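# Observations on chain architecture
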Amino acid sequence: MKQKIRSTTVLCVRRDGKVVMAADGQVTLGSEVLKAGARKIRRLYNDKIVAGFAGSTADAFSLFARFEAKLEQFNGNLPRAVVELAKEWRTDKILRHLEALLLVADVKNTYILSGNGDVIEPDESVAAIGSGGTFALSAATALMRHTKLNARQIVEESMKIAGKICIYTNDNITYEELA
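Thresholds, definitions, all that
Residues numbered from 1 in each chain as written. Predicted model: local features only at pLDDT ≥ 70, side-chain atom pairs only at ≥ 80, totals over all residues. Heavy atoms only, no water. Disulfide = S-S within 2.5 Å. Pairing = 2+ DSSP bridges. Helix = DSSP H or I, 4+ residues; strand = E, 2+ residues; numbered from the N terminus. Contact = heavy atoms within 4.5 Å. Axes fitted to C-alpha atoms, helices over the stretch in contact; angles between N-to-C directions. Phe/Tyr/Trp six-rings, centres within 6.5 Å; stacked < 30°, edge-to-face > 60°. Buried < 20%, exposed > 50% of the residue type's maximum accessible area, 1.4 Å probe, protein only. Lys NZ or Arg CZ within 6 Å of the ring centre and 35° of its normal. Left-handed = near helix turned anticlockwise from the far one by under 90°. Nonpolar A, V, L, I, M, F, W, Y, C, P; charged D, E, K, R; others polar.

## So, the state of the cysteines
- Tallied over the entire structure, the rule returns zero disulfides.
- Cysteine 12 takes part in no disulfide bond, and the closest cysteine sulfur to it belongs to cysteine 166, at a distance of 19 Å.

Quick look at the structure:
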């Protein structure tokens, strides 16, 4: 039986002109933590876009490379780049077997991309992916609705909550901010 690599909570919050994305650092195979300090988010296109991944690391690096190429091709136009990547991901014989999700954002837009050709723009200013994504999303949504915390504070608190609930998420968090 093939063991599934489980990992990650990636969260993105947009508030008051700031965008904050965070990801934990844990990579798990079966019941073993393989790595505690993986970096699952990065800045792209002259530091104007942040992107995070959940899923297979090798697949994510392939997707990051393709996504960067799309950003270059479309001069940093995030909506156009995500649609074109999603189309390619869904139709390419090799790409469509990749097991990952991407969460990408610039100062105006946030998208979740999947290999099914999905390009999802969240209804609210919060998006999350990964095994702990629903926990972080729930916490961040509540904090957005019922507090005056800034984007960074919301992400910090939500990632702490996800890390306490999801066994595939740790407290070694990487943050990226756009303003």
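That shown, we press on.
## Quick word on the sheet that holds strand β7 (residues 49-55)
- Read from one edge of the open sheet, five strands run β6-β7-β8-β9-β10, paired in antiparallel fashion. Of all strands in the sheet, those bounded by a partner on one side alone are β6 (41-44) and β10 (119-120).
- Here β7 pairs with strand β8 (residues 100-105) via six bridges, running antiparallel. Each bridged residue has a counterpart across the sheet, and for alanine 51 the counterpart in β8 is valine 104.
- Where helix α1 (residues 57-73) meets the sheet, its contacts fall on β6, β7 and β8, and the angle it forms with β7 comes to roughly 150 degrees.
- Packing against the sheet, helix α2 (residues 78-91) makes contact with β7, β8, β9 (110-114) and β10, and its axis sits at approximately 10 degrees to β9.

## Structural notes on the side chain of threonine 174
- By the element assignment, threonine 174 lies in strand β12 (residues 174-178).
- Setting aside its immediate chain neighbours within four residues, threonine 174 contacts Met21, Ala22, Ala23, Arg39 and Ile41.

## Observations regarding the packing of aromatic side chains
- What the rule picks out here adds up to two aromatic pairs.
- An angle of 80 degrees between the planes, with centres 5.7 Å apart, marks the rings of phenylalanine 53 and phenylalanine 64 as edge-to-face. Here phenylalanine 53 is found in strand β7, whereas its partner phenylalanine 64 is found in helix α1, with 11 residues between them in sequence. With respect to burial, phenylalanine 53 and phenylalanine 64 carry one shared label: buried.
- A connected cluster of aromatic rings, assembled from ring pairs, spans Phe53, Phe61 and Phe64.
- The aromatic ring of tyrosine 175 is capped on one face by arginine 152, whose charged end is 3.9 Å from the ring centroid.

## A few points about unusual backbone geometry
- The backbone phi angle of aspartate 16 is positive, close to 50 degrees, even though this residue is not glycine.
- Along the chain, aspartate 16 turns up in the loop between β2 (9-15) and β3 (18-23).

## Concerning the packing of helix α3 (residues 133-146) against helix α4 (residues 151-165)
- In contact at an axis separation of 8 Å, α3 and α4 are set at 145 degrees when each is read in the N-to-C sense. Crossing geometry of α3 relative to α4 is assigned as right-handed. Side by side, α3 and α4 meet where Phe135, Ala136, Ala139, Ala140, Leu143 and Met144 of the first sit next to Ile154, Glu157, Ser158, Met159, Ile161, Ala162 and Ile165 of the second.
- The class makeup of the residues in the contact of α3 with α4 is 11 nonpolar, one polar and one charged.

## Side note on the sheet that holds β2
- If you trace the four strands from one edge of the open sheet to the other, you get β11-β2-β3-β12, paired in antiparallel fashion. On the outer flanks of this sheet lie β11 (126-130) and β12, each paired with one strand and no other. Here the average twist between neighbouring strands, direction ignored, is 10 degrees.
- Pairing between β3 and β12: five bridges, direction antiparallel. In the sheet register, alanine 23 faces β12, and the bridge partner there is threonine 174.
- Sitting on the sheet, α3 is in contact with β2 and β11, with an inclination near 20 degrees to β2.

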